[in-house]
Amino acid sequence: MTLASDPDALTIGSVSLVRNDQQPELTHTLLDPLAGGELTLNLRAEAAPELLEQLVRRVAAGWLGLQLDVTKLESFRPGQPNPTHRIAAME
């Protein structure tokens, strides 16, 4: 999740969580308070894209009493990986 004052901002606030058994990690910190900004959420999870979209919209609607407007939302299930190279056997 990344928060910036605008899409072209050089300073951002960012939190990452890469595994269920870990705690969120603050990877970038905003130095100044924001009156508004753009929040980007990149969520990869094993669930139907439609369910994840419903949950994100529900949370965005009532999150901490903040005014959040969803301006762009994409949800999809990526295709199976198609690796370029495979190692057939170790000799």
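The coordinates are above.
Residues numbered from 1 in each chain as written. Predicted model: local features only at pLDDT ≥ 70, side-chain atom pairs only at ≥ 80, totals over all residues. Heavy atoms only, no water.

*Asks:* Would you take a moment to explain the overall build of the chain for this structure?
*Replies:* Helix and strand counts for the chain come out as one helix and four strands. When the helices and strands of the chain are placed in sequence order, the string is β-β-β-β-α. Its C-alpha atoms put the chain at 60 × 30 × 30 Å along the principal axes. For the chain, the exposed area adds up to about 8600 Å²; of that, 53% sits on carbon and sulfur atoms. (Helix = DSSP H or I, 4+ residues; strand = E, 2+ residues; numbered from the N terminus. Areas by Shrake-Rupley, 256 points an atom, 1.4 Å probe, with all protein chains shown as cover.)

*Asks:* It is not clear to me how helix 1 (residues 49-62) should be interpreted in this structure. Could you clarify?
*Replies:* Since the α-helix advances by 3.6 residues per turn, residues separated by three or four positions end up pointing in the same direction. In this model helix 1 runs 21 Å from its N-terminal to its C-terminal C-alpha over 14 residues, within 8% of the 20 Å that 1.5 Å per residue would give. Where helix 1 is concerned, the buried positions are Pro49, Leu52 and Ala60. For helix 1, the arc enclosing every buried residue in end-on projection is 65 degrees, short of the 170-degree limit, so these residues lie on one face. Exposed side of helix 1, more than 90 degrees from the buried face: Glu50, Arg58, Ala61 and Gly62 are the residues found there. (Expected span 1.5 Å × (residues − 1). Buried < 20%, exposed > 50% of the residue type's maximum accessible area, 1.4 Å probe, protein only. Arc of directions from axis to C-beta.)

*Asks:* What am I meant to see in the layout of surface pockets here?
*Replies:* Over the atoms rolls a probe the size of a water molecule, and its path tells where empty space is left. In this structure, the largest pocket occupies an estimated 2200 Å³ of space. Lining the largest pocket are 50 residues, with Thr40, Leu41, Asn42, Leu43 and Val56 positioned closest to its centre. Counting residues per element, the lining of the largest pocket draws most heavily on helix 1, at seven residues. Taken together, the residues that form the lining of the largest pocket break down as 27 nonpolar, 14 polar and nine charged. (1 Å grid on protein atoms, 1.4 Å probe; cavity = no way out; pocket = protein on both sides within 12 Å on 5 of 7 lines; lining within 4 Å. Points joined across faces, edges and corners; volume = space filled by probe spheres on them. Nonpolar A, V, L, I, M, F, W, Y, C, P; charged D, E, K, R; others polar.)

*Asks:* Just checking my understanding: could you explain the sheet that holds strand 4 (residues 38-40) for this structure?
*Replies:* Remark on secondary structure: sheet strands pair via backbone hydrogen bonds, oriented parallel or antiparallel. A sheet is described by the order of its strands in space; here four strands give the open sequence 3-2-1-4, paired in antiparallel fashion. Each edge of the sheet is formed by a strand with only one pairing partner; in this case those strands are strand 3 (25-28) and strand 4. This sheet shows a mean twist of 20 degrees between the axes of neighbouring strands, independent of strand direction. The sheet contact formed by strand 2 (residues 12-16) and strand 3 spans three bridges and is antiparallel. By the bridge assignment, Ser16 is partnered in strand 3 with Glu25. (Pairing = 2+ DSSP bridges. Axes fitted to C-alpha atoms, helices over the stretch in contact; angles between N-to-C directions.)

*Asks:* Teacher, can you tell me more about the pairing of strand 2 here?
*Replies:* Side chains on a regular strand alternate between the two faces of the sheet. Pairing geometry for strand 1 (residues 2-4) and strand 2, over three bridges, is antiparallel. Within strand 2, the residue paired with Leu3 across the bridge is Gly13.

*Asks:* It is not clear to me how the side chain of Ser14 should be interpreted in this structure. Could you clarify?
*Replies:* Among the secondary structure elements, Ser14 is positioned in strand 2. By relative accessible area, which is 8% here, Ser14 ends up buried. Ser14 has contacts with Met1, Thr2, Glu25, Leu26, Thr27 and His28, leaving out every residue within four places of it along the chain. (Contact = heavy atoms within 4.5 Å.)

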